[in-house]
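Structural overview
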Amino acid sequence: MGLEVRKLLAADVFLAGSNDADEGSGGSFIVALEGGTLAPAGGVVVEYVISGTADEVDDYFAIPDSVTIAAGANAAAIPILAINDDVLELLETVNISLTAATGTGAAISTIQPTEGSLVIKDLDAAIVSLTASDPNASEVGPDDGEFLLEILSTDTSQPRSVTAETALTVTLNIAGTAVGGDDYETIESVITISPTGTIPVSEFAIPVEVIPDADNFDPETVVISVTGVSTSHPSVTFDGTAATVSIADPDRPAATITSSPTSLDEGDDLTFTVALD
């Protein structure tokens, strides 16, 4: 009676490929066994380490630290489901490195690739808008005014604020009857809106700091519009509609001083009267 000898094929695991993800959709990594080998009974458990510029929980849903290639199968997918948020982000990466394989004859390949990455693409599109958040200023007080730059979603059916993780440089046209440096503190025509550390930014206030003077004029205006936006994000535009802050200059009464009597002798009293015209 002859003895039948069977050779157990080694189940070497490698990274077979990856699929990029858009925000709100899924990408994946594919792990497989070399040479079309099928996983033995009990399957093959593949462990891995995830890294990259994308943040688990913030940019994609948390995933386990292993995946099982089922018995009789050659490959398994590790899904990466990207989160659709309201943050302007650059392309972000998810990296994987296979670290261990458990199962009959299982091992990490020393020939095929065991590391790789996929990209998460941001689908947010935004527009930089300027409004006069405090349009009424005055030399009396003085009372300052304010403009506000906001980063908004381009989805006009549901206006909403969008935050940015990357800096935006905004160019302004500053006009009006008021003169910067004379009637109000000079406003820079190029403004950079930057995140604070890791905290995204969604707006930037531009104060109109009034400089009081002794002259009486009709209300003067500061008129600002956005003329350009520069950023590394590909989907940011701007609204060039002008906004206006008016600086009121109410009539201020003059003071007069009179004396009574207009002349006096030694020992008499003299009264001065101050009155506003």
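Residues numbered from 1 in each chain as written. Predicted model: local features only at pLDDT ≥ 70, side-chain atom pairs only at ≥ 80, totals over all residues. Heavy atoms only, no water.

What follows deals with the overall build of the protein chain. Check the secondary structure of the protein chain and you find zero helices and 22 strands. When the 277 residues of the protein chain are sorted by exposure, 32% land in the buried category. For the protein chain, restricting intrachain contacts to residue pairs at least 6 apart in sequence, the fraction spanning at least 24 positions comes to 67%. Entry remark: accessible area of the protein chain is about 15,200 Å², with carbon and sulfur atoms responsible for 52%. (Helix = DSSP H or I, 4+ residues; strand = E, 2+ residues; numbered from the N terminus. Buried < 20%, exposed > 50% of the residue type's maximum accessible area, 1.4 Å probe, protein only. Contact = heavy atoms within 4.5 Å. Areas by Shrake-Rupley, 256 points an atom, 1.4 Å probe, with all protein chains shown as cover.)

Below, the discussion takes up the sheet that holds strand β1 (residues 11-19). Here four strands make up an open sheet; going across it, the order is β6-β3-β1-β9 and the pairing mixed. Bordering the open sheet on either side are β6 (75-81) and β9 (106-108), each of which pairs with just one other strand. Strand-to-strand twist in this sheet, taken as the mean axis angle between neighbours without regard to direction, amounts to 30°. Relative to β9, β1 is paired through three bridges, and the arrangement is parallel. Bridged to D12 within β9 is A107. (Pairing = 2+ DSSP bridges. Axes fitted to C-alpha atoms, helices over the stretch in contact; angles between N-to-C directions.)

This part covers the pairing of strand β4 (residues 44-51). Taken together, the four bridges between β4 and strand β5 (residues 66-69) define a ladder with antiparallel strand orientation. Bridge assignment links E47 to a residue of β5, and that residue is S66.

This brings us to the pairing of strand β11 (residues 126-134). Two strands pair when backbone bridges link them, and β11 and strand β13 (residues 145-153) are joined in this way by seven bridges, in the antiparallel orientation. Note that in β13 the partner of S129 across the bridge is E150. Pairing of β11 with strand β19 (residues 236-238), which is carried by three bridges, proceeds in the parallel orientation. Along β19, the bridge assignment pairs A126 with V236.

Together, D55, E56, D58 and E165 make up a region of like negative charge exposed at the surface. With respect to the helices, strands and loops of the structure, E56 is situated in the loop between β4 and β5. (Patch = residues over 30% accessible without salt bridge, like charges linked within 9 Å, V, L, I, M, F, W, Y side chains within 5 Å. Salt bridge = Lys/Arg side-chain N within 4 Å of Asp/Glu carboxyl O. Lys, Arg positive; Asp, Glu negative; His and termini not counted. Charge placed at Lys NZ, Arg CZ, Asp CG, Glu CD.)

Taken as a whole, the protein chain shows an average pLDDT of 87; of its residues, 87% reach a score of 70 or greater. A low-confidence stretch, residues 1-9 stays under pLDDT 50, and its non-local contacts, those more than four residues away or across chains, total two contacts. (pLDDT = per-residue confidence, 0-100.)

Okay, the environment of S161 next. Its place among the elements puts S161 in the loop between β13 and β14 (163-164). Look at S161 and you get partly exposed, because its relative accessible area is 40%. Non-local contacts of S161, meaning those with residues more than four positions away in its chain, are made with D86, I151, L152 and S202.

Note the cis peptide between G141 and P142, where omega equals -10°. Among the structural elements, P142 can be located in the loop between β12 (136-138) and β13. You will see that V57, though not glycine, has its phi angle at about 90°, which is positive. Take V57: it is sitting in the loop between β4 and β5. A relative accessible area of 56% means that V57 is categorised as exposed.

Another point: the side chain of S28. Summarising the element assignment, S28 is placed in strand β3 (residues 26-33). The residues touching S28, leaving out its near neighbours within four places in the chain, are G17, S18, N19, I78, P79, I80 and L118.

Another aspect to go through is the nonpolar core. Counting residues in hydrophobic clusters, the biggest one holds 29 residues, and the most contacted among them are L130, F147, L149, I206, V208, V222 and I247. Listed by contribution, the elements that provide at least two residues to this core are β11, β13, β15 (168-175), β16 (190-193), β17 (203-208), β18 (220-231) and β20 (243-248). Residues F29, Y60, I63 and V67 belong to the second largest nonpolar core, which totals 28 residues. (Core = buried A, V, L, I, M, F, W, Y, C linked by side-chain atoms within 4.5 Å.)

Here we take up the environment of L91. Mapped onto the elements, L91 comes out in the loop between β7 (87-88) and β8 (92-102). A sequence separation of 30 residues divides L91 from K121, and the C-alpha atoms of the two residues are 5.2 Å apart. With sequence-adjacent residues up to four places away left out, L91 is seen in contact with T53, V119, I120 and K121.

Let us look at the sheet that holds β17. Taken in spatial order, the four strands line up as β17-β13-β11-β19 in an open sheet, and their pairing is mixed. Single-partner strands in this sheet number two, and they are β17 and β19. On average, each strand axis in the sheet is tilted by 25° relative to the strand beside it, whichever way the strands run.

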